[in-house]
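Structural overview for review
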Amino acid sequence: QVQLVESGGGLVQAGGSLRLSCAASGRTFSRYTMGWFRQVPGKERDFVAGISWIGGSTRYADSVKGRFTISRDNAKNTVYLQMNSLKPEDTAVYYCAADMAIQTMTVAASYDYWGQGTQVTVSS
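Quick look at the structure, then. Only a predicted model underlies this, so the values are computations on that prediction, with no experimental measurement involved.

Some words on unusual backbone geometry
At Asn77, a residue that is not glycine, the phi angle is positive and equals roughly 55 degrees. Among the structural elements, Asn77 can be located in the loop between strand E7 (68-73) and strand E8 (78-83). The phi torsion at Ser85 lies on the positive side, around 50 degrees, for a residue other than glycine. With respect to the helices and strands, the residue Ser85 is situated in the loop between E8 and strand E9 (92-99).

What follows is the structure in structure tokens.
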């Protein structure tokens, strides 16, 4: 069982930066693939970024490539999402997700564990 708690969301102007954090419970954090997803009202939860359990493999949605960076610190049981050059269309609730036996990193249904979400609002 893994519990995930996101933090770091907020209101920022376009072009600004935010860093989201996701703190995980449990002693086996390093064995989990971690992902960030985002969701706006009335739409599906979309993949943003993912990082493999050993941290050697990352993937990004095309819409955030070159602007967002996912990283993890297994010693702190934490995964981060550094978001730069933010745009109004990045406004959403951002969720952290974890799974040990992931099949497809980019698919929300692949993850068993989710955080409660943190709101990111980018003003124009």
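Things to note about the environment of Met83
Within the secondary structure layout, Met83 lies in strand E8. Among the residues examined, Met83 registers a relative accessible area of 0% and is labelled buried. Each C-alpha atom of the pair Met83 and Arg31 lies 25 Å from the other, and the pair is 52 residues apart in sequence. Aside from chain neighbours lying at most four places away, what touches Met83 is Gly16, Ser17, Leu18, Leu20, Arg67, Phe68, Tyr94 and Val120.

Looking at the pattern of salt bridges
For the structure shown, the criterion picks out 3 salt bridges. The residue Asp90 makes a salt bridge to Arg38 at a minimum N-O spacing of 2.9 Å. On the criterion of sequence distance, the pair formed by Asp90 in the loop between E8 and E9 and Arg38 in strand E4 (residues 33-39) is long-range, its members being 52 residues apart. Exposure remark for Asp90: the relative accessible area of 1% places this residue in the buried category. Of the charged contacts, one joins Arg67 and Asp90 as a salt bridge, the two residues approaching to 2.7 Å between their closest N and O atoms. With Arg67 in the loop between strand E6 (58-60) and E7 and Asp90 in the loop between E8 and E9, this residue pair connects regions lying 23 residues apart in the sequence. Its relative accessible area of 10% is what places Arg67 among the buried residues. Each of Arg38, Arg67 and Asp90 takes part in salt bridges that share partners, so that together they form one network.

Description of the packing of aromatic side chains
Across all of its chains, the model carries 6 aromatic pairs by this definition. With a centroid separation of 5.6 Å and 75 degrees between ring planes, the pair formed by Phe37 and Phe47 is classed as edge-to-face. With Phe37 in strand E4 and Phe47 in strand E5 (residues 46-51), the pair connects residues that are 10 residues apart, well separated along the chain. Look at Phe37 and Tyr111: their rings are 5.3 Å apart centre to centre, the planes differ by 80 degrees, and that puts the pair in the edge-to-face class. Remark: Tyr111 occurs in the loop between E9 and strand E10 (113-114) and Phe37 occurs in strand E4; sequence separation between them is 74 residues. You can call Phe37 buried: its relative accessible area is 0%. Between the NZ or CZ atom of Arg72 and the centre of the ring of Phe29, over which it lies, the distance is 4.6 Å.

About the criteria used
- Residues numbered from 1 in each chain as written.
- Predicted model: local features only at pLDDT ≥ 70, side-chain atom pairs only at ≥ 80, totals over all residues.
- Heavy atoms only, no water.
- Helix = DSSP H or I, 4+ residues; strand = E, 2+ residues; numbered from the N terminus.
- Buried < 20%, exposed > 50% of the residue type's maximum accessible area, 1.4 Å probe, protein only.
- Contact = heavy atoms within 4.5 Å.
- Salt bridge = Lys/Arg side-chain N within 4 Å of Asp/Glu carboxyl O.
- Phe/Tyr/Trp six-rings, centres within 6.5 Å; stacked < 30°, edge-to-face > 60°.
- Lys NZ or Arg CZ within 6 Å of the ring centre and 35° of its normal.

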